[in-house]
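# A structural walkthrough
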Amino acid sequence: MTMKNKKMFVEKRDEGDFAVRRANSERASAVEPTQGKAIERAKELTPGIAPHVERVRHTSEGAPDKWRKS
């Protein structure tokens with residue numbers, strides 16, 4: 001598996017929970033009730049690689065639809 005395929009993303013779903021998915025995947029690898037639990041799960045799935053997390057609120061450093069590494 002290439003480094004590009006190992007990237008994991010945590011994003012908020014319309015249902016209010018959080019999906020953990022690989023880049024360009026059609027389905028989530030996991031769905032968790034909170035962003036924190038989704039980040040933990042993403043780290044379990046790809047040890048040593050920080051997941052990319054979708055911002056879900058406005059802050060001084062970013063807004064929704066921006067990504068940060070966890």
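Our subject in this report is the structure included herewith.

Turning next to the overall build of the protein. Within the protein one finds 2 helices and 5 strands. Along the protein, helices and strands appear, N-terminal first, in the series α-β-β-β-α-β-β. A burial count over the protein gives 30% of its 70 residues as buried. For the protein, the proportion of contacts with a sequence separation of at least 24, taken over those separated by at least 6, is 26%.

Below, the discussion takes up the environment of V10. Looking at where V10 falls in the secondary structure, it is placed in strand β1 (residues 8-12). In sequence terms V10 and R41 are 31 residues apart; their C-alpha atoms lie 9.5 Å from each other.

So, about unusual backbone geometry. At N24, a position not held by glycine, the phi torsion is positive, near 65°. By relative accessible area, which is 75% here, N24 ends up exposed.

The biggest cluster of nonpolar side chains holds 9 residues, and these are M8, V10, F18, V20, A30, A38, I39, A42 and V53. Those elements that provide at least two residues to this core are β1, β2 (18-22) and α2 (35-45). Considering each element in turn, this core owes the most residues, 3 residues, to α2. Those residues in contact with A42 that sit more than four places away from it in its chain are M8, V10, V20 and P51.

With respect to the secondary-structure elements, V31 resides in strand β3 (residues 30-32). Along the sequence, V31 and R13 sit 18 residues apart, while their C-alpha atoms lie 9.1 Å from each other. Those residues within four positions of V31 in sequence are excluded, and the remaining contacts are R13, D17, F18 and A19.

For the rest of this paragraph, the subject is α2. Given 3.6 residues per turn, any residue in an α-helix points the same way as the ones three and four places further on. Taken together, the buried positions of α2 are occupied by Q35, A38, I39 and A42. Angularly, the buried residues of α2 cover 100° about the axis, an arc narrow enough to put them on a single face. Across from the buried face of α2, at angles greater than 90 degrees, the exposed residues are E40 and E44.

On to the pairing of β1. Where β1 meets β2, 5 bridges bridge the pair, whose relative direction is antiparallel. Bridged to M8 within β2 is R22. Hairpin connection, β1 to β2: the antiparallel pair is bridged by 5 residues, and G16 has positive phi, about 100°. In this structure, β1 lies alongside strand β4 (residues 52-54), joined through 2 bridges in parallel fashion. From the neighbouring strand, F9 faces β4, where its bridge partner is H52.

Reading the values: rules and limits
- All residue numbers refer to position in the chain's written sequence, counted from 1.
- The predicted nature of this model means local features are confined to residues of pLDDT at least 70 and side-chain atom pairs, given and counted, to a pLDDT of 80 or more, with totals for whole chains, interfaces and linings taken over all residues.
- Calculated side-chain values reflect all of the structure's heavy atoms, with hydrogen atoms and water omitted.
- Starting at the N terminus, helices and strands are each numbered in turn, a helix being any DSSP run of H or I of at least four residues and a strand any DSSP run of E of at least two.
- Exposure is judged per residue with a 1.4 Å probe applied to protein chains only, and the accessible area is read against the type maximum: over 50% gives exposed, under 20% gives buried, and values in between give partly exposed.
- Only heavy atoms matter for contacts: two residues are in contact if any of them lie within 4.5 Å across the pair.
- For our purposes a nonpolar core is just a set of buried Ala, Val, Leu, Ile, Met, Phe, Trp, Tyr and Cys residues, chained together by side-chain atoms within 4.5 Å.
- Think of the arc as the fan of directions from the helix axis to the C-beta atoms.
- For two strands to be treated as a pair, DSSP must find at least two bridges joining them.

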